[in-house]
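Report on the structure
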Amino acid sequence: MKLITGHGLDDVLAWRPSGPVRVREYLADAQALADRLPGNGGVLNLCEDRYHFAVLFAACLLTGRPSLQPSSHSAETLMRLAQDHPACLAVHDTGFDVAGLPAMAFPALESLQRKPVDGIPDIDDRQVVAILFTSGSTGLPQPHAKTWGRLVQNGRAEARALGLDRTPHVLVGTVPVQHSYGFESTFLLALHGGCSFWSGKPFYPQDVADALSAVPRP
């Protein structure tokens, strides 16, 4: 199944403070980052910028790595992840303390060596592409492996249920994209529901107002 089913190569997928990002630019960023990822284990995607998260997630798809997305970033959670996934690499864009895990900073997008993109790549439907975790409020956080085929179905179903497949919107989310709700409703809805997303994570009312004013309606 295609990495992106809701857009063509020249459609806008994301909005950043610098302006719109089209699908072919996004895929070029993802492939360039995939070429720079060391090792071959899972990736702990700690990027707070929603576009950085999206680029890293696609880079993992292209290299067959699962994206690890715990609901908590506490030192205890990260240490447990390191035990359960000893080859994992933490990637961050805010100087986050990764509790001794092997890590790399998300590179400046301008430094990536991009190549022309002439098509949207296919991803195996059976590939486990994400491992999400419960909150741990009633015990240890429990992992839930997600295959690509199921995630695509989820994104399409949510878009249909909300009518966004007929009237695409720009998605502005306050919830972290690593969270299962933020992941499906601000990322998968863009990849497979025909929407686009704002790269930031506004929290305070003025931040939300500024984000809404920075993107086109609806």
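To be clear, the structure that these remarks concern was listed above.
Description of the structure in this document. (Residues numbered from 1 in each chain as written. Predicted model: local features only at pLDDT ≥ 70, side-chain atom pairs only at ≥ 80, totals over all residues. Heavy atoms only, no water.)

**What to know about the overall build of the protein**
- The number of helices and strands found in the protein is six helices and ten strands.
- Over its C-alpha trace the protein gives a radius of gyration of 16 Å, about what one expects of a compact globule, namely 17 Å for 218 residues.
- Referenced to the eigenvectors of the C-alpha coordinate spread, the extents of the protein come out at roughly 45 × 40 × 30 Å.
- Out of the 218 residues in the protein, the part that is buried amounts to 49%. (Helix = DSSP H or I, 4+ residues; strand = E, 2+ residues; numbered from the N terminus. Rg over C-alpha atoms; globule rule 2.2 N^0.38 Å. Buried < 20%, exposed > 50% of the residue type's maximum accessible area, 1.4 Å probe, protein only.)

**Focus: the packing of aromatic side chains**
- In this structure the tally under the stated criterion is nine aromatic pairs.
- Aromatic pair F53 and F57: ring centres 6.1 Å apart, planes at 20°, arrangement stacked. Residue F53 and its partner F57 are both found in helix α2 (residues 50-63); the two are separated by four residues, about one turn of the helix.
- By relative accessible area, F53 is classed as buried at 0%.
- Ring geometry for F183 and F187: centres 5.9 Å apart, planes at 35°, overall tilted. Taken together, the residues F183 and F187, both in helix α5 (residues 180-193) and four residues apart, mark about one turn of the helix. A single burial state applies to F183 and to F187, both of which are buried.
- By the ring-pair criterion, three or more aromatic residues cluster together here, those being F53, F57, F183, F187 and F197. (Phe/Tyr/Trp six-rings, centres within 6.5 Å; stacked < 30°, edge-to-face > 60°.)

**A look at the sheet that holds strand β10 (residues 196-198)**
- The sheet built from four strands is open, its strands ordered β2-β1-β10-β9 with mixed pairing. Each edge of the sheet is formed by a strand with only one pairing partner; in this case those strands are β2 (19-22) and β9 (170-171).
- Bridging between β9 and β10 involves two bridges; their strand directions are parallel. Bridge assignment links L171 to a residue of β10, and that residue is F197.
- Against the sheet, α2 engages β1 (12-16), β2 and β10, with an angle of about 130° to β10. (Pairing = 2+ DSSP bridges. Contact = heavy atoms within 4.5 Å. Axes fitted to C-alpha atoms, helices over the stretch in contact; angles between N-to-C directions.)

**Details of the side chain of N45**
- Inspection of the secondary structure assignment puts N45 in strand β3 (residues 43-45).
- The class for N45 is buried, based on a relative accessible area of 0%.
- At a separation of 3.2 Å, a polar atom in the side chain of N45 contacts the main-chain carbonyl oxygen of F53.
- Excluding residues within four positions of it along the chain, N45 makes contact with F53, L56, F57, S67, L68, V91 and Q178. (Polar contact = N/O pair within 3.5 Å; in protein donor to acceptor, adjacent residues only side chain to side chain.)

**Overview of the nonpolar core**
- If you look at the biggest cluster of nonpolar residues, it comprises 54 residues, and the most contacted ones within it are Y26 and F187.
- Within the residue set of this core, elements represented by two or more residues are β1, α1 (23-34), α2, β5 (89-92), β7 (128-133), α4 (148-162) and α5.
- Not counting residues up to four positions away in its chain, the partners in contact with F187 are Y26, F53, A54, F57, V177 and G182.
- Counting residues in each nonpolar core, the second largest holds eleven residues, with L44, L68, V98 and L101 among its members. (Core = buried A, V, L, I, M, F, W, Y, C linked by side-chain atoms within 4.5 Å.)

Remember that the coordinates give geometry; whether it matters functionally is a separate question.
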